[in-house]
Amino acid sequence: MSRSRVLHPVLRYAGPLLCIVLALGTVALSAVNNPASTSWLLGFYATVALIFQAFRLQKSELNSAYRIYLVMLNQYLLIVWVLHTWRPGVDPQRTHRQILWFEQAL
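Residues numbered from 1 in each chain as written. Predicted model: local features only at pLDDT ≥ 70, side-chain atom pairs only at ≥ 80, totals over all residues. Heavy atoms only, no water.

Asks: Would you take a moment to explain the side chain of Asn 63 for this structure?
Replies: By the element assignment, Asn 63 lies in helix α5 (residues 61–85). The buried category is assigned to Asn 63, whose relative accessible area is 16%. Those residues within four positions of Asn 63 in sequence are excluded, and the remaining contacts are Leu 57 and Gln 58. (Helix = DSSP H or I, 4+ residues; strand = E, 2+ residues; numbered from the N terminus. Buried < 20%, exposed > 50% of the residue type's maximum accessible area, 1.4 Å probe, protein only. Contact = heavy atoms within 4.5 Å.)

Here it is, written out as structure tokens:
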């Protein structure tokens with residue numbers, strides 16, 4: 001009998017379960033911090049799920065274009081969510097430099 005069959009289901013799927021718990025935590029914190037930004041984060045997580053599903057599709061040029069589109073949409077939603085929830089600090093120039101650095105990094 002393989003070792004994975006002996007493990008409890010929570011231990012077998014600990015990685016995905018941890019990701020789901022962390023995702024729900026970020027959605028809850030986003031809803032408390034800025035309720036208007038929650039839809040961007042939910043869209044981000046929805047595209048992550050679609051990306052995982054897209055990699056299960058057959059290899060073709062159309063599916064490759066679909067995966068590239070989903071990754072670009074995912075990046076766009078992440079950038080919009082981060083910039084939407086970014087709180088300005090005491091020094092506006094420093095905040096502006098931080099936002100510009102983050103935009104360029106992505």
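Anyway, onward from the coordinates.
Asks: It is not clear to me how the environment of Phe 102 should be interpreted in this structure. Could you clarify?
Replies: Structurally, Phe 102 can be placed in helix α6 (residues 92–105). On the accessibility criterion, Phe 102 (17% relative accessible area) is buried. Through-space distance from the C-alpha of Phe 102 to that of Val 82 is 9.2 Å; in sequence the pair is 20 residues apart.

Asks: I would appreciate a short explanation of helix α4 (residues 38–54) in the present structure.
Replies: Because the α-helix completes a turn every 3.6 residues, residues three or four places apart line up on one side. Between the first and last C-alpha of α4 there are 24 Å, a value that for 17 residues agrees with the 24 Å anticipated at 1.5 Å per step. Of all the residues in α4, the buried ones are Thr 38, Leu 41, Phe 44, Thr 47, Ile 51 and Ala 54. (Expected span 1.5 Å × (residues − 1).)

Asks: Whenever I open this one, the packing of α4 against α5 confuses me. Can you help?
Replies: Each pair of packed helices can be summarised by the angle the axes make with each other and by the distance between the axes. Contact pair α4 / α5: the axes reach a minimum separation of 9 Å and the direction vectors enclose 160 degrees. The pairing of α4 with α5 is recorded here as roughly antiparallel in orientation. For the pair α4 and α5, the crossing hand works out as left-handed. Where α4 approaches α5, its residues Trp 40, Leu 41, Gly 43, Phe 44, Thr 47, Val 48, Leu 50, Ile 51 and Ala 54 are matched on the opposing element by Tyr 66, Arg 67, Leu 70, Val 71, Leu 73, Asn 74, Tyr 76, Leu 77, Leu 78, Val 80, Trp 81 and His 84. In terms of residue class, the contact of α4 with α5 is made up of 16 nonpolar, four polar and one charged. (Axes fitted to C-alpha atoms, helices over the stretch in contact; angles between N-to-C directions. Parallel < 35°, antiparallel > 145°, perpendicular 65-115°, else oblique. Left-handed = near helix turned anticlockwise from the far one by under 90°. Nonpolar A, V, L, I, M, F, W, Y, C, P; charged D, E, K, R; others polar.)

Asks: Please clarify how the packing of helix α3 (residues 14–33) against α4 should be interpreted in this entry.
Replies: Orientation of α3 relative to α4, taken along the N-to-C sense of each, is 165 degrees, at an axis distance of 9 Å. As far as their axial angle goes, α4 and α3 are roughly antiparallel. Read as a crossing pair, α3 and α4 show a hand that is right-handed. Two secondary-structure elements touch here, α3 through Ala 23, Thr 26, Val 27, Ser 30 and Ala 31 and α4 through Thr 38, Leu 41, Leu 42 and Tyr 45. Of the residues belonging to the contact of α3 with α4, the class tally is six nonpolar, three polar and no charged.

None of the figures reported here should be taken as evidence of function without further support.
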